[in-house]
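Per-entry structural report
Single-letter residue listing:
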Amino acid sequence: MGSELKQPRIGIIGTGAIGGFYGLMLARAGFDVHFLLRSEFEPVSQNGLQLNSAVLGPLNLNPVQAYSSAGDMPPCDWLLVGTKTTANAELAPIIAQAAAPAARVLLLQNGLEVEDDLRPLLPESLHLLGGLCFICVHREAPGVITHQALGAVNIGYHSGPAANLTAGVAIAQEGAGLLRRAGLESQAMDNLHQARWQKLVWNIPYNGLSVLLSASTTPLMSNRHSREFIQALMREVVQGAMACGYQLPEGYAEHLFAVTENMPDYKPSMYLDYEEKRPMELDAIYRKPLAAALKAGQDMPKIRALYQALSFIDARNR
């Protein structure tokens, strides 16, 4: 088993911006990577994957080991899931078809409790992990991905046949090691739920306000009123996390605020979903954190108002 894990077979479930970026980077590093696609199967099969990166320059992967059905994929030791949380109800049978025995399933998704919902639907023999991506990336066209900045992934173990917490962290470190070998920053997190709350400190204000105010990050950071709104929302996320028992690193919200000031102008994923009239990930990013914090005795009224406004916008948009 040890020699197999040194060079595992990797499957990408959902070859959009996230899955395409990380899959391409792993394949270029020499890993055996297999991509599951739906609408983009034909163009990617014919033309490969193209990455236009402001950091790395233009990168291409051609040919691509592409599949239109999970049943056609070889059994994969690692499965990186880059689909939206709005499609999670369909995920379990796809994962079961593509997974090798004792495979590691890494959800590269935003929001809270996404692993909790998926776990009961998966075989007990599979390891389930969460990955929090800190990256500015979007899909430009079929098989064409634009990467503006960043690319780090924090990985935490959720559940599976790992004997104890130490064994789970070791599997998370294994996943981080794969990404580092592909030239990406990645680290294992001891507590996945805390890591997800940390990511919400950015996702809750910037995703929602980009839709509500029809603005990308630079305009949001250039106006005194929107800046104050962002900071107030960040404080509520930190308070919600603390109520749920997660002490976030000192100055973490301020750090993310400063990072965003220095980022290139970026349209958050929820803004892109809104523009494309796709369902927005309101359940995982807003409803579940609100419910978890309220259960712990902490209301987040500004976030609740934002969620209510976004729910109206989402229903009308679709």
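Going along each chain's sequence as written, the residues are numbered from 1 onward. Local features in a predicted model are, by the rule used here, given only for residues with pLDDT of at least 70; side-chain atom pairs are given and counted only at 80 or more, and totals for whole chains, interfaces and linings are based on all residues. Think of the side-chain values as coming from all heavy atoms in the structure, minus any hydrogens and water.

1. So, the pairing of strand β8 (residues 127-141)
Spelled out, the test is: Categorising residues by exposure relies on relative accessible area from a 1.4 Å probe, with only protein chains included: less than 20% of the type maximum marks a residue as buried, more than 50% marks it as exposed, and the intermediate range marks it as partly exposed. Helix and strand assignments follow DSSP, with helices taken as H or I runs no shorter than four residues and strands as E runs no shorter than two, numbered in order from the N terminus. Should DSSP find at least two bridges between two strands, the strands are regarded as paired.
Burial within β8 is extensive, with 12 of its 15 residues counted as buried. Relative to β8, strand β7 (residues 99-107) runs parallel, the two being bridged by four bridges. Among the inter-strand pairings, V105 is bridged to a residue of β8, identified as L128. Here 13 bridges tie β8 to strand β9 (residues 144-159), and the two strands are oriented antiparallel to one another. Its bridge partner lying in β9, A141 is registered against V144. The turn joining β8 and β9, which pair antiparallel and follow one another in sequence, is formed by two residues; a positive phi near 75° is taken by G143.

2. A closer look at the packing of helix α9 (residues 224-243) against helix α10 (residues 252-261)
For clarity, the threshold we go by: The axes are straight lines fitted to the C-alpha atoms, using for helices just the contacting stretch, and the angles between their N-to-C directions are given from 0 to 180°. Here a crossing is taken to be left-handed if its near helix is turned anticlockwise relative to the far helix by less than a right angle, and right-handed if that turn runs clockwise. The contact criterion used throughout is that any non-hydrogen atoms of two residues lie within 4.5 Å. Three residue categories are used. Nonpolar comprises Ala, Val, Leu, Ile, Met, Phe, Trp, Tyr, Cys and Pro, charged comprises Asp, Glu, Lys and Arg, and polar comprises the others, including Gly.
The geometry of α9 relative to α10 is characterised by a closest axis approach of 10 Å and an angle of 145° between their N-to-C directions. Considering only the axes of α9 and α10, their crossing is right-handed. Where α9 approaches α10, its residues R227, I230, Q231, M234 and V238 are matched on the opposing element by A253, L256, F257 and E261. When grouped by side-chain class, the residues that make up the contact of α9 with α10 number six nonpolar, one polar and two charged.

3. Topic: unusual backbone geometry
Backbone torsion omega between N62 and P63 reads 10°, so that peptide bond is classified as cis. Looking at the secondary structure, you find P63 in the loop between β4 (57-61) and β5 (66-67). Even without glycine at this site, E113 takes up a positive phi of about 65°. Tracing the chain through its elements places E113 in the loop between β7 and α5 (114-118). For E113, a relative accessible area of 25% translates into the label partly exposed. One non-glycine residue, L150, adopts positive backbone phi at about 60°. On the secondary structure map, L150 appears in strand β9. In this structure L150 comes out as partly exposed when scored by relative accessible area, which is 44%.

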